[in-house]
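# Geometric and topological summary
Next come the chains, spelled out residue by residue.
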Amino acid sequence: MDSNTERRLPLWDTPTHMVFVELCLNEARLGNKPGSHFNKAGYDNLINNMKEQTGKTLNHKQIKIDWESMKRDWRLFDRLMRLESGIGWDPVNKSIVASSEWWDEKIKVDKDYDKFRGKNLEMYQTHYVALFRDYVTVGDIS
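Below, the structure is looked at part by part. (Residues numbered from 1 in each chain as written. Predicted model: local features only at pLDDT ≥ 70, side-chain atom pairs only at ≥ 80, totals over all residues. Heavy atoms only, no water.)

Looking now at the side chain of aspartate 110. By secondary structure assignment, the location of aspartate 110 is in the loop between helix H5 (100-109) and helix H6 (122-132). Lysine 111 provides the closest opposite charge to the buried, salt-bridge-free aspartate 110, at an N-O distance of 6.1 Å. Here aspartate 112 takes part through its backbone nitrogen, which lies 2.8 Å from a polar atom of the side chain of aspartate 110. (Helix = DSSP H or I, 4+ residues; strand = E, 2+ residues; numbered from the N terminus. Buried < 20%, exposed > 50% of the residue type's maximum accessible area, 1.4 Å probe, protein only. Lys, Arg positive; Asp, Glu negative; His and termini not counted. Salt bridge = Lys/Arg side-chain N within 4 Å of Asp/Glu carboxyl O. Polar contact = N/O pair within 3.5 Å; in protein donor to acceptor, adjacent residues only side chain to side chain.)

Quick look at the structure:
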């Protein structure tokens, strides 16, 4: 799985995060994410469904913190894919193709870029794009 899920606290292990992402997508489809955040019904559904599907009791703050972390990671990924030169996309490995020198320079600017180096980033293209593309401004985050 991607490094975004690898660095999460035990509460947010990979299987739990995958359930969360799927539930977020469902709430967005139901119209409970009218903008960049969920409405009250969306948050309530996420809390209840996370308990039902994972057995974990989460509160609004925990859900919001993970959502904001996903959004930050999306910005960084989207910035790389849309605004950077000198890189490509490997459709087989679902990863960014760039030279070691390119990665070294990027990571000097922002160590968080390292989370994308050599990783399968399919999650960003299949799930995060649907959650964030229309609502998150990439801008200059460096």
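Take the packing of helix H2 (residues 14-29) against helix H4 (residues 60-83) next. In contact at an axis separation of 12 Å, H2 and H4 are set at 85° when each is read in the N-to-C sense. Between H2 and H4, the crossing angle belongs to the class labelled roughly perpendicular. Residues His17, Phe20, Val21 and Cys24 of H2 form the contact with H4, whose participating residues are Ile63, Asp66, Trp67 and Met70. Class assignment for the residues of the contact of H2 with H4 results in six nonpolar, one polar and one charged. (Axes fitted to C-alpha atoms, helices over the stretch in contact; angles between N-to-C directions. Parallel < 35°, antiparallel > 145°, perpendicular 65-115°, else oblique. Contact = heavy atoms within 4.5 Å. Nonpolar A, V, L, I, M, F, W, Y, C, P; charged D, E, K, R; others polar.)

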